[in-house]
Amino acid sequence: MFFYLSKKIAIPNNVKLKCVSWNKDQGFIACGGEDGLLKVLKLETQTDDAKLRGLAAPSNLSMNQTLEGHSGSVQVVTWNEQYQKLTTSDQNGLIIVWMLYKGSWYEEMINNRNKSVVRSMSWNADGQKICIVYEDGAVIVGSVDGNRIWGKDLKGIQLCHVAWSADSKVLLFGMANGEIHIYDNQGNFIVKMKLNCLVNVTGAISIAGIHWYHGTEGYVEPDCPCLAICFDNGRCQIMRHESDQNPVLIDTGMYVVSIQWNHIGSVLAVAGSQKVVTQDKDVNTVQFYTPFGEHLGTLKVPGKQMSALSWEGGGLKIALAVDSFIYFANIRPDYKWGYCSNTVVYAYTRPDRPEYCVIFWDTKNNEKYVKYVKSLISITTCGDFCILATKADENHPQFVLVLCNSIGTPLDPKYIDIVPLFVAMTKTHVVAASKEAFYTWQYRVAKKLTALEINQITRSRKEGRERIYHVDDTPSGSVDGVLDYSKAIQGTRDPICAITASDKTLIVGRESGTIQRYSLPNVGLIQKYSLNCRAYQLSLNCNSSRLAIIDISGVLTFFDLDARVTDSTGQQVIGELLKLERKDVWDMKWAKDNPDLFAMMEKTRMYVFRNLDPEEPIQTSGYICNFEDLEIKSVLLDEILKNPEHPNKDYIINFEIRSLRDSRALIEKVGIEDASQFIEDNPHPRLWRLLAEAALQNLDLHTAEQAFVRCKDYQGIKFVKRLGHLQSESMKQAEVAAYFGRFEETERMYLDMDRRDLAIGLRLKLGDWFRVLQLLKTGSGDADDSLLEQAHNAIGDYFADRQKWLNAVQYYVQGRNQERLAECYYMLEDYEGLENLANSLPENHKLLPWNKAVELAKNHSMKEIGSLLARYASHLLEKNKTLDAIELYRKANYFYDAAKLMFKIADEEAKKRTKPLRVKKLYVLSALLIEQYHEQMKNAQRGKVKGKNSEATSALAGLLEEEVLSTTSRFTDNAWRGAEAYHFFILAQRQLYEGYVDTALKTALHLRDYEDIIPAVEIYSLLALCACASRAFGTCSKAFIKLESLETLSAEQKQQYEDLALEIFTKHTPKDNRKSELDSLLEGGEGKLPTCVATGSPITEYQFWMCGVCKHCVLAQEISNYNFCPLCHSSVG
């Protein structure tokens, strides 16, 4: 992170400032000072130039209003952004609330206790309440409309600070003696805060600032420290919440006057002054820290006494009140970003998600891909790939390097056990370094590999592709390093502070200023250099001969790695610091194709250097993405991150460097001859290409060919050769126009030459079928029929892809494309069109599948469908696809035929002795189909009866038809018999197993009626078993008699039954022990009683439930236990 002073505003009459506050939403700056001074200023940037956006835009004061009202020195100013109010108070205890009206600020409310002075005021997160604390211990909480909510006097306490929690439930009160007390939002004391940062501090201290970031823009990571408390002696603690037992502790080593978080809670600024040994007076400084206490940098500020600081709403500027001036500093944040193959990758936090949102924005096609990444540490890019360094999870100290392509697809994750604080990437290696060690990984990218090869690569994790080295080791490069993390744990006195790598060199910078140079790919220590600065950012040029170093204070220096020089002692040493030095530098990039070219950002200017000589600067505040082909691509990240979800192409800016601009000007104004001489003196492939293109325009083929050779453009050379073979001048011009992509012009030239065929060929290559069709139609004579058909179909495809089916139909008809035509008719639900199409198709065309035909016939009630269906069904049955045939009939509403086939399946399954439940389900399905058939017949009759009298005859015919059908079949009348049989069969067994032997017997007795469905041996064996269990030996005896007389049993089986009967009935008389009252009902009575399908018992009451689908009954008291009918499983509604 870099910062530099950018502007200074003087307050008239040298009035000393006491406080400053920057409104985060509207950008107003309020500053208060001695003698009642209160001003509201606003800095506005006016610019129409896209390049001058953000910090580079010139800013001036659009508002400078002095607010009259205070007499004493103004000590507290605070904004309420939500309601656009400013609250100020002075040393006499007067509070004024100001409001904005028609572009000016006016007094809205005034309050004065006349007893004491206001020490601090704080609005809560939603701007509804303000808490005001007075020096004498009085606390007032008021609402935004000026009403007092509550007040309290804290006896014997001197108050000096107040802060709200994010949820407005907790108030922190800072005391003059340095204590902090925690209260609830009604003013009840909860507890005294533990101040870990003041352990073993002696002497009087006071609180310099309390700032609680409210999480409005999300947090840097889950459970991030957000409450900062700082004391004047420089001790600071950052807490996750008010009762955090383990806060982040910082000793800033300075006298502190003010602290503030930036808008997203990622940087804490601490302002004050520091003692310097060399100077007798203190130096004003601002220190910047992360929420985890890591130091980001120091900004020194001129002047005697700094009194306050305030961040701008976007976090790119900071205002500092020093003496009678406001200084502004620009901040260049360390964005997490990178640039790979036309894609800008950047990350930001959102209030609604704990993860980082990483956006891969393809600037060429303006498409973006979003990826959410937990605990992202950094983004590093190279070529077409990028590395996302992340923390594996909260509890485990592992880290992950995820290799992604330019749309964010993860290709290869690597888990490592060192913190990747610094990551560098080349085309073949990823290097990640902690403070003590660095890890190298030779990554492989499946560029043109098959899936099989990719799998093999991921499986074979070859040793030696990943290695780890301690920074104090001296690897020779010959031994294969091993992945031994025990090395990495050992500490070092001189930690790593920056790394960079090229294809053959790895550079590691250490805090002492030592630079270590290793070879790649086999890591061997080649050389150590010593510099007198601590590197923050290192960068190698394209041939690894020079190293650029930006140190932590933004000074850019250069080091020649290979120069041999004699030092002051007469020793010959390798490596030399070059003479160039620039201050306030925050970004730099070497050109990819020239070791002497680089671009750098200094304050809000970009300089391009060739051989250490600068060209004139360009005003911009973009981060440099890429520098090649004499063009610099730069991205205005500040602007993008104001609205990160909708990046705008205007925020990518291309700058051409001077030699490119000059060559272009020469070619345009002076001519090709002189230009080629200039390019000869300043050779570069990009300039040769510029010359080649200019020569082509003028049809100077000789120069064009030479230039193409110089920039190694083989296609260009071939193109010039082809032009040489063309005879006519106009032909050449047409070809050149096509080469430059001016296709309209080319086509016009072809047509003027009366070469319609060439014009058509051009449009074919471009895939512009609409134009092809136009050209084909305008021509005289026979147009090429196959080409016409092709054009019609291609245009049909164009419309179909965009779901414009009607337009597509017109073209497919002309292109005779039946398949796509059918699809369009289907999408349009134009069944007549489909029918006509089907009729026009030849027999056995692949477009005539049955399912669709059935659906259409159903919709359009075609007459001869029955015979056609029968034909198709028999074809299915031959192939043994019975279920398909059933589905066909069912879809066609031929329920009767479907049911017939279904019964057949059920009977076959029953014969196979499959699970009884499966058989029951099949029978239920068959019965349901029959019910649908009955319903269909009824509806048909109803519909016909509604019609005219002449149709009455056909209604009768319908009835007769059903009558004829039903006499021929065993199942139309009693469709449910099969289902009933298996239902009672399963129920009896379930009851028997559950121990309800009597009910099991009653249920088993019903099975005697179903010998035609369930084999008799099964029925009577079950009956005998139930009877025996329920000690009804009379019934049991009858069952045995029946079993012994069955024809289907072999003599041996009959013998077994007889033996068993003998064994039972010698012990028990074959009589039923208790004559149940139901037996009389079962035997006598008029007709048969309905049976309850839930219990198997006969229903004797008048009240019972009947299923609407299968018409079976259940006892009234039983049905409450069921949601579905026990037999057919339709819902009990």
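Residues numbered from 1 in each chain as written. Predicted model: local features only at pLDDT ≥ 70, side-chain atom pairs only at ≥ 80, totals over all residues. Heavy atoms only, no water.

## Some points on the overall build of the chain
Helix and strand counts for the chain come out as 29 helices and 58 strands. With the C-alpha coordinates of the chain rotated into their principal frame, the extents come out at 125 × 105 × 75 Å. Looking at the chain residue by residue over its 1133 residues, the buried ones come to 50%. A separation threshold of at least 6 residues defines the contact pool for the chain, and within that pool the share at least 24 residues apart is 45%. One way to put it: in the chain the 130 positive side-chain charges average out to a point 2 Å from where the 142 negative ones average out. (Helix = DSSP H or I, 4+ residues; strand = E, 2+ residues; numbered from the N terminus. Buried < 20%, exposed > 50% of the residue type's maximum accessible area, 1.4 Å probe, protein only. Contact = heavy atoms within 4.5 Å. Lys, Arg positive; Asp, Glu negative; His and termini not counted. Charge placed at Lys NZ, Arg CZ, Asp CG, Glu CD.)

## Some thoughts on the environment of Leu38
Its place among the elements puts Leu38 in strand E4 (residues 38-45). Judged by relative accessible area, Leu38 falls into the buried class, the value being 0%. Leu38 sits 50 residues away from Thr88 along the chain, and the two C-alpha atoms are 8.6 Å apart.

## Side note on helix H13 (residues 785-801)
With 17 residues, H13 extends 24 Å from end C-alpha to end C-alpha; this agrees with the ideal 24 Å at 1.5 Å per step. Along H13, the residues classified as buried are Leu787, Ala791, His792, Asn793, Ala794, Ile795, Gly796, Phe799 and Ala800. Tucked inside the fold, the buried residues of H13 contact helix H11 (756-766), helix H12 (769-778), helix H14 (805-815) and helix H15 (818-828). Backbone geometry just downstream of H13 places Gln803 in the positive-phi region, at approximately 60°. (Expected span 1.5 Å × (residues − 1).)

## Quick notes on the sheet that holds strand E28 (residues 325-332)
Strand order in the open sheet formed by four strands is E1-E28-E27-E26, with antiparallel pairing between adjacent strands. Only two strands of the sheet have a single partner each, and these edge strands are strand E1 (2-10) and strand E26 (306-311). Averaged over all neighbouring strand pairs, the angle between strand axes comes to 25°, with direction disregarded. Pairing of strand E27 (residues 317-322) with E28, which is carried by six bridges, proceeds in the antiparallel orientation. When the bridges of E28 are listed, Leu320 appears paired with Tyr327. (Pairing = 2+ DSSP bridges. Axes fitted to C-alpha atoms, helices over the stretch in contact; angles between N-to-C directions.)

## A short note on the confidence of the model for the chain
When pLDDT is averaged along the chain, the result is 84; 91% of the residues meet or exceed 70. Per-residue pLDDT stays below 50 along residues 459-463; that stretch engages in five contacts with residues further than four places along the chain or on separate chains. (pLDDT = per-residue confidence, 0-100.)

## Regarding the packing of helix H26 (residues 1033-1044) against helix H27 (residues 1051-1067)
At a closest axis distance of 9 Å, the pairing of H26 and H27 adopts a crossing angle of 160°. In terms of orientation, H26 lies roughly antiparallel with respect to H27. In the packing of H26 onto H27, the handedness of the crossing is left-handed. The residues of H27 that touch H26, namely those facing Phe1033, Cys1036, Ser1037, Phe1040, Leu1043 and Glu1044, are Lys1054, Tyr1057, Glu1058, Leu1060, Ala1061, Ile1064 and Phe1065. In terms of residue class, the contact of H26 with H27 is made up of nine nonpolar, one polar and three charged. (Parallel < 35°, antiparallel > 145°, perpendicular 65-115°, else oblique. Left-handed = near helix turned anticlockwise from the far one by under 90°. Nonpolar A, V, L, I, M, F, W, Y, C, P; charged D, E, K, R; others polar.)

## Some remarks on the side chain of Ser168
Note that Ser168 resides in the loop between strand E14 (159-164) and strand E15 (170-175). When near neighbours in sequence (up to four residues on either side) are disregarded, Ser168 contacts Asn124, Ala125 and Asn185.

## Considerations on the packing of H12 against H13
Running from N to C, H12 and H13 point in directions that differ by 145°, and their axes come no closer than 9 Å. Both H12 and H13 take part in a crossing whose hand is left-handed. In this structure, H12 contributes Trp769, Phe770, Val772, Leu773 and Leu776 to the contact, and H13 contributes Leu787, Leu788, Gln790, Ala791, His792, Ala794, Ile795, Tyr798 and Phe799. Of the residues contributing to the contact of H12 with H13, the split by class is twelve nonpolar, two polar and no charged.

## Things to note about the sheet that holds strand E31 (residues 353-362)
Read across the open sheet, the four strands follow the order E29-E30-E31-E32; overall the sheet is antiparallel. Of all the strands in the sheet, the pair left with one neighbour each is strand E29 (337-340) and strand E32 (367-373). The average undirected angle you get between the axes of adjacent strands in this sheet is 25°. As paired elements, E29 and strand E30 (residues 343-350) share four bridges and run antiparallel to each other. Within E30, the position partnered with Cys340 by the bridge is Thr343.

## A word on the state of the cysteines
This structure, assessed with the given rule, holds zero disulfides. Free cysteine Cys1128: the closest other cysteine sulfur is in Cys1110, separated by 3.6 Å. (Disulfide = S-S within 2.5 Å.)

## Describing unusual backbone geometry
With an omega of 0°, the peptide bond running from Leu520 to Pro521 counts as cis. Positive phi outside glycine occurs at Arg1031, with the angle close to 60°. For Arg1031, a relative accessible area of 44% puts it in the partly exposed group.

## Observations regarding the pairing of E4
Of all eight residues that make up E4, six are buried, and the element is covered over most of its length. Judged from the five bridges that link them, strand E3 (residues 28-33) and E4 form a sheet pairing that is antiparallel. Directly across from Gly32, in E4, lies its bridge partner Leu38. Between the antiparallel neighbours E3 and E4 lie four residues, among them Asp35 with a positive phi of about 60°. As judged from the seven bridges shared by E4 and strand E5 (residues 59-66), these two strands associate in the antiparallel manner.

## Here we look at the nonpolar core
Nonpolar side chains in soluble globular proteins generally cluster together in the buried interior. One finds Tyr923, Trp976, Tyr982, Leu1007, Ile1014 and Phe1040 to be the most contacted residues of the largest nonpolar core, which totals 80 residues. At ten residues, the largest contribution of residues to this core is made by helix H20 (residues 895-911). Setting aside anything within four residues of it in sequence, one finds Leu1007 in contact with Ala981, Phe984, Phe985, Ile1014, Ile1019 and Leu1022. Counting residues in each nonpolar core, the second largest holds 72 residues, with Met588, Ile653, Leu691 and Leu696 among its members. (Core = buried A, V, L, I, M, F, W, Y, C linked by side-chain atoms within 4.5 Å.)

## Description of the pattern of salt bridges
With the rule as written, the count across this model stands at 41 salt bridges. A salt bridge links Asp560 to Arg546; its shortest N-O distance comes to 4.0 Å. With a gap of 14 residues between them, Asp560 in strand E47 (residues 556-566) and Arg546 in strand E46 (residues 546-551) connect regions that are remote in the sequence. Just as Asp560 is buried, Arg546 falls in that class too. Of the charged contacts, one joins Glu631 and Arg686 as a salt bridge, the two residues approaching to 2.9 Å between their closest N and O atoms. Here Glu631, found in strand E55 (residues 631-635), pairs with Arg686, found in helix H6 (residues 685-697); they are 55 residues apart in sequence, far enough to count as distant. Three or more residues are tied together by salt bridges with common partners; here these are Glu744, Glu747, Arg763, Asp768 and Arg771. (Salt bridge = Lys/Arg side-chain N within 4 Å of Asp/Glu carboxyl O.)

## So, the environment of Asp584
When you line up the elements, Asp584 lands in the loop between strand E48 (572-582) and strand E49 (585-590). Between the C-alpha atoms of Asp584 and Phe3, which are 581 residues apart in sequence, the distance is 7.7 Å. Residues within four places of Asp584 in sequence aside, it is in contact with Phe3, Tyr4, Gly554, Met601, Glu602 and Lys603.

## Side note on helix H10 (residues 743-752)
Inspection of H10 places Thr746, Glu747 and Tyr750 among the buried residues, and these make up the whole buried set. End-on, the buried residues of H10 take up no more than an arc of 95°, which puts them together on one face. Away from its buried face by more than 90 degrees, H10 exposes Glu744, Arg748 and Asp752. Those residues of H10 that are buried lie in contact with helix H9 (729-739), H11 and H12. The positive-phi residue at the C-terminal boundary of H10 is Asp754, with phi of around 65°. (Arc of directions from axis to C-beta.)

## Quick word on the side chain of Ser73
If you trace the backbone, Ser73 turns up in the loop between E5 and strand E6 (74-80). Given the relative accessible area of 7%, Ser73 is considered buried. In contact with Ser73, other than residues within four places in its own chain, are Lys18, Gly33, Glu34, Asp35, Gly36, Asp90 and Gln91.

## Let's talk about the packing of aromatic side chains
Following the criterion strictly, the structure yields 36 aromatic pairs and no others. Between Tyr213 and Tyr219, the aromatic rings sit 5.5 Å apart at their centres with planes inclined by 75°, giving edge-to-face as the arrangement. When the centroid spacing of 6.1 Å and the interplanar angle of 65° are considered together, the rings of Trp441 and Tyr443 count as edge-to-face. With relative accessibility at 0%, the residue Trp441 sits in the buried group. The ring of Phe28 has Lys42 lying over it, and the distance from NZ or CZ to the ring centre is 4.7 Å. Taking NZ or CZ as reference, Arg353 lies 3.6 Å from the ring centre of Tyr372, over its face. (Phe/Tyr/Trp six-rings, centres within 6.5 Å; stacked < 30°, edge-to-face > 60°. Lys NZ or Arg CZ within 6 Å of the ring centre and 35° of its normal.)

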